[in-house]
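As a plain string of letters, each chain reads:
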Amino acid sequence: MVKVGFVGWRGMVGSVLRQRMLEENDFQGLKPLFFSTSQVGQKGPEIGMEVPELADAFDIKTLSSLDAIVTCQGGDYTKEVYPKLRKEGWDGYWIDAASALRMEKDSVIVLDPVNREVIDEAFESGVKNYIGANCTVSLMLMGIGGLFKENKVDWLTSMTYQSASGAGSKNMAELVEQMQTISKATEGKKMPVLELDREVQETIENPDFPTENFTVPLACNLIPWIDKEVEDGQSREEWKGSAETNKILNSKQQIPVDGICVRVPAMRCHSQAITIKLKEEMELKEIENTIAKANEWVKVIPNNKEDSIRQLTPIAVSGKLTVPVGRIRHINNDASFVTLFTVGDQLLWGAAEPVRRMLQIVLKKIS
Ligand code: HSE
């Protein structure tokens, strides 16, 4: 039986991964070993079968005995452990949710409903590193992958509305704490709305307002910068949009992808408003069909108010694998430009699901 190690299974993405694996019965047919960086020797998680006690996530010898390692532990862990493993001659499959190895030549970024052919070719040629993409990129490609597949995209801009979960579990908790602080400060107060507004503003501006993780308020606010600064006024999150999209698609010619990435006070679903310059004019029906037939999770939402406000929102999508795409229309009656809006669960298709599916692909190929 194939021996698979799991590192970082207790964190937010790791927990969603474990949950999805249980739902899909994925633990059957493999021999799991769970690792820990802090609780070595303790009991492993409940997965409906006997599992050995937790192994040491820094124990290169034990890690080297595995056929595949799945890690959601984060980039620092990858940077520390992965080179040591390869140096020791380990040639198993490394499946990673972190970004550390994404752009390496010997890694493939995985999103199999979009780039299964790229994955299969890489597998044939002996690639052993399969890395999950940036969440915004995965969710954009799950939504409009059909237009890329049919080579319709000349360039695009994606203006994002990214949830707190993308910044991490502590940030999600901080967003709720910020909302609670505002709620406590205004609870039961009946006052004219402009006074209420001032009360909210003063609460948020109070130095005691909880901003340890985001560094600035997110509740009643937005943050128009995600991740570090790179070059030319771009954030790293914006840079990834182009770099990772083109790597996932294995583009012969780079397709320009750019935009502004913004954090908004949604909990776990990222949204994006996308404008696409098409290579040729397309009727709206053709655009909708091309989008809808690309995979079984994308769902075209009719461009009307009722469907949009009910089905095309973070709250509608939270915890679901469905990726709705709506507000589809030409700009300015020009059939070579289309604008649309899409939403996806940042922890599912944005993080855990591509990694879960990649493990299944590896297992099928090597079992
Ligand atoms: N970098 C993303 C964000 C999440 O901050 O929303 C991880 O892909």
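The rules behind each value
Residues numbered from 1 in each chain as written. Predicted model: local features only at pLDDT ≥ 70, side-chain atom pairs only at ≥ 80, totals over all residues. Heavy atoms only, no water. Pairing = 2+ DSSP bridges. Helix = DSSP H or I, 4+ residues; strand = E, 2+ residues; numbered from the N terminus. Contact = heavy atoms within 4.5 Å. Axes fitted to C-alpha atoms, helices over the stretch in contact; angles between N-to-C directions. UniProt positions renumbered as here; feature names shortened; annotations may be inferred. Near = heavy atom within 4 Å. Polar contact = N/O pair within 3.5 Å; in protein donor to acceptor, adjacent residues only side chain to side chain. Areas by Shrake-Rupley, 256 points an atom, 1.4 Å probe, with all protein chains shown as cover. Salt bridge = Lys/Arg side-chain N within 4 Å of Asp/Glu carboxyl O. Buried < 20%, exposed > 50% of the residue type's maximum accessible area, 1.4 Å probe, protein only. Core = buried A, V, L, I, M, F, W, Y, C linked by side-chain atoms within 4.5 Å. Domains from an automatic or database assignment. Patch = residues over 30% accessible without salt bridge, like charges linked within 9 Å, V, L, I, M, F, W, Y side chains within 5 Å. Phe/Tyr/Trp six-rings, centres within 6.5 Å; stacked < 30°, edge-to-face > 60°.

1. Some points on the sheet that holds strand β3 (residues 55-56)
Next, step 1: Here seven strands make up an open sheet; going across it, the order is β3-β2-β1-β4-β5-β7-β6 and the pairing parallel. Two strands bound the open sheet, and with one partner strand each, they are β3 and β6 (107-110).
Next, step 2: Here strand β2 (residues 31-36) pairs with β3 via two bridges, running parallel. Along β3, the bridge assignment pairs Phe-35 with Ala-55.
Next, step 3: Sitting on the sheet, helix α12 (residues 348-366) touches β1 (3-7), β4 (68-71), β5 (93-96), β6 and β7 (129-132), and the angle it makes with β5 is about 165°.

2. Re the UniProt feature "binding site: phosphate" (unreviewed entry) in the chain
Next, step 1: The positions that UniProt labels "binding site: phosphate" (unreviewed entry) are, in the present scheme, Arg-102.
Next, step 2: Looking at the element boundaries, Arg-102 is found in the loop between β5 and β6.
Next, step 3: Once residues within four sequence positions are removed from consideration, Arg-102 is found in contact with Ala-97, Ser-107, Ile-109, Ile-131, Gly-132, Ala-133, Asn-134, Lys-240, Glu-244 and Lys-247.

3. Let's talk about the site of the ligand
Next, step 1: Taken together, Asn-134, Cys-135, Gln-162, Gly-166, Ile-226, Glu-237, Arg-263, His-270 and Gln-346 make up the full set of residues adjacent to the ligand.
Next, step 2: At a separation of 2.8 Å, an oxygen atom of the ligand approaches a polar side-chain atom of Gln-162.
Next, step 3: Separating an oxygen atom of the ligand from a side-chain N or O atom of His-270 is a distance of 2.9 Å.
Next, step 4: If the ligand stood free it would expose 260 Å²; the protein chains cover 83% of that surface.

4. Examining the pattern of salt bridges
Next, step 1: Per the stated rule, a full pass over the model turns up 22 salt bridges.
Next, step 2: With its nearest N and O atoms 3.0 Å apart, the salt bridge here joins Glu-24 to Arg-20.
Next, step 3: You can call Glu-24 partly exposed: its relative accessible area is 39%.
Next, step 4: Ionic pairing is found between Lys-84 and Glu-80, a salt bridge with its closest N-O pair at 3.7 Å.

5. Focus on the UniProt feature "binding site: NADP(+)" (unreviewed entry) in the chain
Next, step 1: According to UniProt, the feature "binding site: NADP(+)" (unreviewed entry) maps to Arg-10, Gly-11, Met-12, Val-13, Gln-73, Ser-165 and Gly-166 in the numbering used here.
Next, step 2: One can find Arg-10 in the loop between β1 and α1 (12-23).
Next, step 3: The exposure class of Arg-10 is partly exposed, given its relative accessible area of 41%.
Next, step 4: Structurally, the position occupied by Met-12 is in helix α1.
Next, step 5: On the accessibility criterion, Met-12 (22% relative accessible area) is partly exposed.
Next, step 6: Contact partners of Met-12, with chain neighbours within four places excluded, come to Ser-165, Gly-168, Ser-169, Met-172 and Leu-347.

6. Overview of the sheet that holds strand β12 (residues 323-331)
Next, step 1: The six strands lie next to each other as β9-β8-β10-β13-β12-β11, forming an open sheet whose pairing is mixed. One side of each edge strand has no neighbouring strand; the edge strands of this open sheet are β9 (257-258) and β11 (298-300).
Next, step 2: Note that strand β8 (residues 153-161) and strand β10 (residues 269-278) share eight bridges and pair antiparallel. What sits directly across from Leu-156, in β10, is Ile-276.

7. Overview of the pairing of β12
On a regular strand, one side chain projects to one face of the sheet and the next to the other, so that they alternate.
Next, step 1: Where β11 lies against β12, three bridges are found, and the strand directions are parallel. Bridge pairing in β12 links Val-300 to Val-325.
Next, step 2: Strand direction decides the pairing type here: β12 and strand β13 (residues 334-345), joined by five bridges, are antiparallel. Bridging from a neighbouring strand, Gly-326 pairs with Phe-341 of β13.
Next, step 3: Turn length for the β12-β13 hairpin, with the two strands adjacent in sequence and antiparallel, is two residues, and the turn residue Asn-332 shows positive phi of about 55°.

8. Re the nonpolar core
Taken as a class, soluble globular proteins show a tendency for nonpolar side chains to be buried jointly.
Next, step 1: Counting 66 residues, the largest nonpolar core has Phe-6, Tyr-130, Ile-144, Ile-276 and Leu-359 as the members making the most contacts within it.
Next, step 2: Looking at which element gives the most residues to this core, the answer is α12, with nine residues.
Next, step 3: The two domains that each donate at least three residues to this core are domain 1 (2-133 + 352-366) and domain 2 (137-167 + 223-345).

9. Some words on the environment of Thr-203
Next, step 1: Checked against the element boundaries, Thr-203 lands in helix α7 (residues 193-205).
Next, step 2: For Thr-203, a relative accessible area of 13% corresponds to the buried category.
Next, step 3: Distance in space between the C-alpha atoms of Thr-203 and Ser-183 is 9.7 Å, their sequence separation being 20 residues.

10. Some thoughts on a nonpolar patch on the surface
Next, step 1: Side chains of Met-103, Val-230 and Trp-239 sit close together on the surface and give an oily, nonpolar patch of about 240 Å² of accessible area.
Next, step 2: Within the element layout of this structure, Trp-239 appears in helix α8 (residues 236-249).

11. A short note on the packing of aromatic side chains
Next, step 1: Taken as a whole and assessed by the stated rule, the structure comprises twelve aromatic pairs.
Next, step 2: Judged by centre distance (5.7 Å) and plane angle (65°), the ring pair of Phe-6 and Phe-27 falls under edge-to-face. Taken together, the residues Phe-6 in strand β1 and Phe-27 in the loop between α1 and β2 connect sequence positions 21 residues apart.
Next, step 3: Measuring from centroid to centroid gives 5.9 Å for Trp-155 and Phe-337, while their planes differ by 70°, and the two rings are edge-to-face. Remark: Phe-337 occurs in strand β13 and Trp-155 occurs in strand β8; sequence separation between them is 182 residues.
Next, step 4: Judged by relative accessible area, Phe-337 falls into the partly exposed class, the value being 23%.

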